[in-house]
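Listed below are the residues making up each chain.
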Amino acid sequence: MAIDLLNHKLDRAFDHIDASGNGVVEREDLLGLGARILVGFGESPTSVTGASLVDGFDEIWSALAKALERDIDFGIARPDFRAGMVAAFVTGDQYDAVFRPATVAVAELCDGDGDGEIGPGDFRTMLSAFGVAYDDVDAAFDRLDREGRGTLTVDELVLAASDYYRGADPNATGNWLFGPL
């Protein structure tokens, strides 16, 4: 059951990256996701914040390619994407070194004023870049906002990403990161 849940979440992550729907993700697809996030927030890829996000996504791709023992210029099909994500970030040791910093970069971009809080509008901007359906965004935000404050902290968003990409608990709040599974 836990493997099925993780595979389902990783398949959804694959779909977020595979914007063309051709069944293969490439480095440019992941960088394209980063570009969509930056455009949504009006951030330049050459700013400190933008460069941190782009570099983080590029490092995720490099870790995936390394885990799969592939050149970084090759595409990755869905089953290999799952295997690479697990090898690099779930059972492997690259989550804290590679994936978490990229997640922090996205979360900090969502916190435009630097107060540590992410409002529903900024959350919607982020999830729109991932291609999440409009109606699912509110449900996701409400589930992640466990205390009903009307905001998420940067740390809550980073923890939700960890739950989503690595977690096997079917009741974890982070499973709602991109709306209902």
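Residues numbered from 1 in each chain as written. Predicted model: local features only at pLDDT ≥ 70, side-chain atom pairs only at ≥ 80, totals over all residues. Heavy atoms only, no water.

(A) Spatial organisation of helix 7 (residues 134-144). Along helix 7, the residues that are buried comprise Val 137, Ala 140, Phe 141 and Leu 144. Down the axis of helix 7, the buried set is contained in an arc of 95°. They therefore lie on one face. Away from its buried face, by an angle of more than 90 degrees, helix 7 presents the exposed residues Asp 135 and Asp 142. Buried residues belonging to helix 7 abut strand 3 (117-118), helix 6 (120-129), strand 4 (152-153) and helix 8 (154-166). (Buried < 20%, exposed > 50% of the residue type's maximum accessible area, 1.4 Å probe, protein only. Helix = DSSP H or I, 4+ residues; strand = E, 2+ residues; numbered from the N terminus. Arc of directions from axis to C-beta. Contact = heavy atoms within 4.5 Å.)

(B) Structural view of the packing of aromatic side chains. A full pass over the atoms with the stated rule returns 9 aromatic pairs. With a centroid separation of 5.0 Å and 85° between ring planes, the pair formed by Tyr 164 and Phe 178 is classed as edge-to-face. Of the two residues, Tyr 164 sits in helix 8 while Phe 178 sits in the segment after helix 8, which places them 14 residues apart along the sequence. With respect to class, Tyr 164 is no different from Phe 178; both count as buried. (Phe/Tyr/Trp six-rings, centres within 6.5 Å; stacked < 30°, edge-to-face > 60°.)

(C) Representation of the packing of helix 2 (residues 27-41) against helix 3 (residues 48-67) within the structure. Direction vectors running N to C along helix 2 and helix 3 enclose 155°, while the axes themselves pass 9 Å from each other. In terms of orientation, helix 2 and helix 3 fall into the roughly antiparallel class. Classified by chirality, the crossing of helix 3 by helix 2 is right-handed. In this structure, helix 2 uses Arg 27, Leu 30, Leu 31, Leu 33, Gly 34, Ile 37 and Leu 38 to contact helix 3, whose residues at the interface are Gly 50, Leu 53, Val 54, Phe 57, Asp 58, Ile 60 and Trp 61. Among the residues making up the contact of helix 2 with helix 3, the classes are represented as 10 nonpolar, 2 polar and 2 charged. (Axes fitted to C-alpha atoms, helices over the stretch in contact; angles between N-to-C directions. Parallel < 35°, antiparallel > 145°, perpendicular 65-115°, else oblique. Left-handed = near helix turned anticlockwise from the far one by under 90°. Nonpolar A, V, L, I, M, F, W, Y, C, P; charged D, E, K, R; others polar.)

(D) Representation of unusual backbone geometry in the model. A positive phi angle is found at Glu 69, which is not glycine, with a value near 55°. Mapped onto the secondary structure, Glu 69 falls in the loop between helix 3 and strand 2 (76-77).

(E) Quick look at the pattern of salt bridges. The final tally for this structure, using the stated rule, is 9 salt bridges. Among the salt bridges present, the one from Arg 27 reaches Asp 58, with a minimum N-O distance of 2.6 Å. Taken together, the residues Arg 27 in helix 2 and Asp 58 in helix 3 connect sequence positions 31 residues apart. In this structure Arg 27 comes out as partly exposed when scored by relative accessible area, which is 23%. Accessibility expressed as a relative area gives 24% for Asp 58, which makes it partly exposed. Three or more residues are tied together by salt bridges with common partners; here these are Asp 11, Asp 15, Arg 78 and Arg 82. (Salt bridge = Lys/Arg side-chain N within 4 Å of Asp/Glu carboxyl O.)

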